[in-house]
Amino acid sequence: MTHLWIRAESRPNEERVGITPDGVAKLVAKGFRVTIEFSATRILPSAAFTAAGAELADEGSWPDAPADAIIFGLKELPEADTPLIHRHIMFGHAYKGQEAGARLLARFAAGGGALYDLEYLVDENARRVAAFGYWAGYAGAAVSLFAWAAQKQGGLCPPVSTWPNSEALQAELTAALDRVGDTRPNAIVIGALGRVGTGARDLCKQMGVATTDWDMAETASGGPFPEILEHDLFFNCILAAPGCPVFVPDSAKTDLRRLSVIGDIACDPQSDFSPIKVYDLETNWAHPVTRAYDAPPLDVMAIDNLPSLLPLESSQDFAAQLLPHLEALDDIDSGVWGRAFDTYTQHKPEV
């Protein structure tokens, strides 16, 4: 019997979950055993999962789960050096040379477990089967617009925290923009046709913010791109990778520009391939923007866990994408899971 163990998230401000109670009910109906850890902060209550057929376990008790259980979470495990004996499904952030990732892989190697990284859960065409990109774009555009409104009133973007749903976010953002005046800013979105760009564009449309929508065709020249400086906001929705053009060079700080807020939604400032060269560190919920230049002001929003700001919709969307693949966990050596395991074996250290 396949045993899926849904652990409580330990990262601060993380209320998301990768499966809904309806999803649990479908797994149980297929003969799966499902355990869910109690969590006081999860956006969906534990009682809804137990009503769907899951067994309830104490928060953080997954290290003591049966050895054949598959441990399912979203974000990082608590910092430790103990060997990992289980198979884990999560975003491991372990395959791109990250220091914490190397420690995580060493723990798997020591314990004989395995990482099935959600970022590398791909179909036969190497396309990801489940992602939070849409809600990253949506929330990132919203926080950037909060930053624009605050800047126009002489300040910096205030701290942000979770919204119960997108309607609550829209109402708060509309009020913030209305305090500036009737005129809305405009924005340019690069990566407009992807999941992230679509989310950013949808939020802008709801707020009455006109967008210039660019994708691969518009950036194929490799730059420079003076058009970016002619907009109030720029949303970067393209991941840093070798060959990625520079969209905003360091010289933009002092160039003649209308641009005053950058939403680096893809958020990879420490990469050598970052297309935005006016800043070098991520921002966070307490300090959503960094001021890259003072006169005229240029603020950069670069929060790396944007979907967590809308835990309800982002959980529901991701869970719906992932559920068909969770239902295939009884054949974990094949399909998307087999490919994820192959990726793990290519990166795990020798013991």
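Up top is the structure these notes are about.
Chains are numbered independently. Their residues run from 1 in the order of the written sequence. In keeping with the model being predicted, local features are shown solely for residues with a pLDDT of at least 70 and side-chain atom pairs are shown and tallied solely at 80 or more, while totals for entire chains, interfaces and linings include all residues. Hydrogens and waters are ignored; side-chain quantities use all the structure's heavy atoms.

1. Some remarks on the packing of aromatic side chains
In plain terms, the rule: Note on aromatic pairs: the rings of Phe, Tyr and Trp (six-membered ring only in Trp) are paired at centre separations within 6.5 Å, and the planes decide the class, stacked below 30 degrees, edge-to-face beyond 60, tilted for the rest. Two limits define a charge over a ring: the Lys NZ or Arg CZ must be within 6 Å of the ring centre, and within 35 degrees of the ring normal.
Within this structure, the stated rule accounts for 15 aromatic pairs. A network of ring pairs unites the aromatic residues Phe108, Tyr116, Trp337, Phe341 and Tyr344 as a single cluster. The ring of Phe49 has Arg42 lying over it, and the distance from NZ or CZ to the ring centre is 5.8 Å.

2. Section: empty space enclosed by the protein
Note the cut-off: A cavity here means a set of points on a 1 Å grid, drawn over the protein atoms and nothing else, where a 1.4 Å probe fits but cannot get out; a pocket is an open set with protein on both sides within 12 Å along at least five of seven lines, and a residue lines either one if it has an atom within 4 Å of a point. Grid points are joined across faces, edges and corners, and a volume is the space filled by probe spheres set on the points. As a working rule, the residues Ala, Val, Leu, Ile, Met, Phe, Trp, Tyr, Cys and Pro are called nonpolar, Asp, Glu, Lys and Arg charged, and the rest polar, with Gly in that last group.
One pass over the structure, following the stated rule, counts one cavity of 30 Å³ or more. Looking at the largest cavity, its volume works out to about 40 Å³. Every residue lining the largest cavity is listed: Ile6, Arg7, Glu9, Arg16, Val17, Gly18, Arg42, Phe72, Gly73 and Leu74. For the lining of the largest cavity, the residue count by class is four nonpolar, two polar and four charged.

3. Describing the packing of helix H4 (residues 133–152) against helix H6 (residues 195–207)
Convention followed: For helices, the axis comes from a line fit to the C-alpha atoms of the stretch in contact; other axes are also lines fit to C-alpha atoms, and the angle between any two N-to-C directions lies between 0 and 180 degrees. Elements are defined by DSSP. Helices are runs of H or I of four residues or more, strands are runs of E of two residues or more, and each kind is numbered from the N terminus. Orientation is classified from the angle alone, with under 35 degrees giving roughly parallel, over 145 giving roughly antiparallel, 65 to 115 giving roughly perpendicular, and any other angle giving oblique. Working rule for handedness: look at the near helix, and if it is turned counterclockwise from the far one by less than a right angle, call the crossing left-handed; if clockwise, right-handed. By definition, residues are in contact when any of their heavy atoms lie within 4.5 Å.
Their axes nearest at 6 Å, the elements H4 and H6 cross at an angle of 45 degrees. When the interaxial angle is binned, H4 and H6 end up oblique. Crossing of H4 against H6: the hand is right-handed. Here Gly133, Tyr134, Gly137, Tyr138, Ala141, Ala142 and Leu145 of H4 lie close against H6, whose contacting residues are Arg195, Val196, Thr198, Gly199, Ala200, Asp202, Leu203, Gln206 and Met207. Residue composition of the contact of H4 with H6, by class: nine nonpolar, five polar and two charged.

4. Here we look at the pairing of strand S7 (residues 186–190)
Worth spelling out the cut-off: Relative accessibility under 20% of the residue-type maximum defines a buried residue, over 50% an exposed one, and the middle range a partly exposed one, all with a 1.4 Å probe and only protein chains included. We call two strands paired when DSSP finds no fewer than two bridges between them. The crossover handedness rule: strands pointing away from the viewer, path from first strand over the helix to second strand clockwise, crossover right-handed.
Burial runs high along S7: five of the five residues are buried. Taking every second residue as pointing to the same face, both faces of S7 are buried, with Asn186, Ile188 and Ile190 on one and Ala187 and Val189 on the other. Pairing between S7 and strand S8 (residues 210–214): five bridges, direction parallel. When the bridges of S8 are listed, Val189 appears paired with Asp213. Read as a crossover between parallel neighbours, the route from S7 over H6 to S8 is right-handed.

5. Examining the environment of Val24
For Val24, the position within the fold is in helix H1 (residues 21–29). Setting aside anything within four residues of it in sequence, one finds Val24 in contact with Ile6, Ile19, Val34, Phe49, Ala52 and Ala54.

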